[in-house]
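Chain by chain, the residues run as shown.
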Amino acid sequence: LNNQKVMKDIWKETDLPLKDKIAVGSVWFNDMSSKKNKYNLGTDFDLINEKDFIVYYVSSDEEMFGFWDQWAEPLGTQYECILKLIDIFEEQSVFDLFIKLHPNFLNKSNSVMKKMMSIPLKSNSRIIMPDSDISTYDLLNKSVGTITIGSTIGIESAFHLRPVLMLADTKYDDIGVGFKASNWSEVREWVNKYRDWE
């Protein structure tokens, strides 16, 4: 929370012209979506999907721990959230749900990967493996929205003008870049809001 307060204070108090603030503020985001980011694997390609899609980016545990005295999962663990999202997306027919596993999952145990591989998908949900040829940023730019439980891809998605839904505390949930749900009714309302725009 203090880091976010410092960010907001610096933005308000600096006397740089707006275009210079944006230029400085964009450096990190541009670096993350470049090959300077060791997790930016894969390449851009002609992703063809019949329907618009929203991506749930599964976080690596290292992104979520160590930043809070106590970190809460009000909607459940990542795995539980994935199962619930699959059910919510199955209730509508406008969007597909893509579940993108973080590249760091390649370093996880076989049991963790086996659990993720056995997620019971439904007709409009699919898993994108951590070693997929699909670039995270190509996926982001072709999606219509982002869901995350704590990954920094949430704030990056906001930078790329994608609506962002957060399912737990993040390092950026107090600076106005998206919506943090406190219950599953709010998650369903968020999905339906974008469905109704179509």
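It should be noted that the structure appears before, not after, this text.
The text that follows walks through the structure, step by step, so that each part is easy to find.

Cut-offs and rules
- Per chain, residues are indexed from 1 in the order of the written sequence.
- Local features in a predicted model are, by the rule used here, given only for residues with pLDDT of at least 70; side-chain atom pairs are given and counted only at 80 or more, and totals for whole chains, interfaces and linings are based on all residues.
- As a rule here, side-chain values cover all heavy atoms of the structure and leave hydrogens and water aside.
- In this description a helix means any DSSP run of H or I spanning at least four residues, a strand means any run of E spanning at least two, and both kinds are numbered starting from the N terminus.
- Two rings from Phe, Tyr or Trp (for Trp, the six-membered ring) form a pair when their centres sit within 6.5 Å of each other. Planes less than 30 degrees apart are called stacked, planes more than 60 degrees apart edge-to-face, and all others tilted.
- Burial classes follow relative accessibility: with a 1.4 Å probe on protein chains only, a residue under 20% of its type's maximum area counts as buried, one over 50% as exposed, and anything between as partly exposed.
- Sitting over a ring, as applied to charges here, requires NZ of Lys or CZ of Arg to be within 6 Å of the ring centre and within 35 degrees of the ring normal.
- Asp and Glu count as negative and Lys and Arg as positive, but His and the ends of the chain are not part of the count.
- Counted as salt bridges are all cases of a side-chain nitrogen of Lys or Arg within 4 Å of a carboxyl oxygen of Asp or Glu.
- Pairing of N or O atoms within 3.5 Å defines a polar contact, subject to two protein rules: one partner must be a possible hydrogen donor and the other a possible acceptor, and residues neighboring in sequence count only if both atoms are side-chain atoms.
- The criterion used for residue contact is that any of the two residues' heavy atoms lie within 4.5 Å.
- Take the buried residues of types Ala, Val, Leu, Ile, Met, Phe, Trp, Tyr and Cys, join any two whose side-chain atoms come within 4.5 Å, and each joined set is a nonpolar core.

Side note on the environment of I10
Here's step 1: Looking at the element boundaries, I10 is found in helix α1 (residues 2–13).
Here's step 2: With 11 residues separating them in the primary sequence, I10 and K21 have C-alpha atoms 9.9 Å apart.

Considering the packing of aromatic side chains
Here's step 1: One pass over the full model with this rule turns up 3 aromatic pairs.
Here's step 2: On the basis of an interplanar angle of 5° and a centroid distance of 4.2 Å, the ring pair of F53 and F98 is categorised as stacked. Here F53 is found in strand β1 (residues 52–58), whereas its partner F98 is found in strand β2 (residues 95–101), with 45 residues between them in sequence.
Here's step 3: For F53, a relative accessible area of 4% translates into the label buried.
Here's step 4: Since its relative accessible area comes to 1%, F98 is described here as buried.
Here's step 5: Positioned over the ring face of W11 is K21, at 5.0 Å from the centre of the ring.
Here's step 6: Taking NZ or CZ as reference, K115 lies 4.4 Å from the ring centre of Y79, over its face.

Here we look at the side chain of R162
Here's step 1: Here R162 lies in the loop between α7 (153–159) and β5 (164–166).
Here's step 2: One buried charged side chain, R162, makes no salt bridge at all; its nearest oppositely charged neighbour is D138, positioned 9.1 Å away.
Here's step 3: Only 2.8 Å separates the side chain of R162 from the backbone oxygen of H160, close enough to count as a polar contact.
Here's step 4: R162 has contacts with L140, N141, K142, S143, V144, G145, T146 and S157, leaving out every residue within four places of it along the chain.

Quick word on the nonpolar core
Here's step 1: Counting 30 residues, the largest nonpolar core has Y56, L85, I147, L167 and V187 as the members making the most contacts within it.
Here's step 2: Residue assignment for this core shows that the elements contributing at least two residues are β1, α4 (78–90), β2, α5 (110–117) and α8 (184–197).
Here's step 3: Ranked by the residues each element gives to this core, the list is headed by α4, at 7 residues.
Here's step 4: Aside from chain neighbours lying at most four places away, what touches I147 is I54, V55, Y56, Y57, L85, F89, L165, L167 and W190.
Here's step 5: Listed in part, the 11 residues of the second largest apolar core include F53, V55, F98 and Y137.

Comments concerning the environment of A168
Here's step 1: Within the fold, A168 resides in the loop between β5 and β6 (179–180).
Here's step 2: Distance from A168 to G76, taken between C-alpha atoms, is 9.0 Å for residues 92 residues apart in sequence.

Overview of the pattern of salt bridges
Here's step 1: Scanning the model with the defined rule gives 9 salt bridges in all.
Here's step 2: One salt bridge in this structure joins K19 and D20, with 3.3 Å as the shortest N-O distance.
Here's step 3: Taking relative accessible area as the criterion, K19 reaches 62% and is therefore assigned exposed.
Here's step 4: Residue classification places D20 among the partly exposed positions, given a relative accessible area of 27%.
Here's step 5: Measuring nitrogen to oxygen at the nearest pair gives 3.1 Å for the salt bridge that ties K51 to D96. With a gap of 45 residues between them, K51 in the loop between α2 (18–32) and β1 and D96 in strand β2 connect regions that are remote in the sequence.

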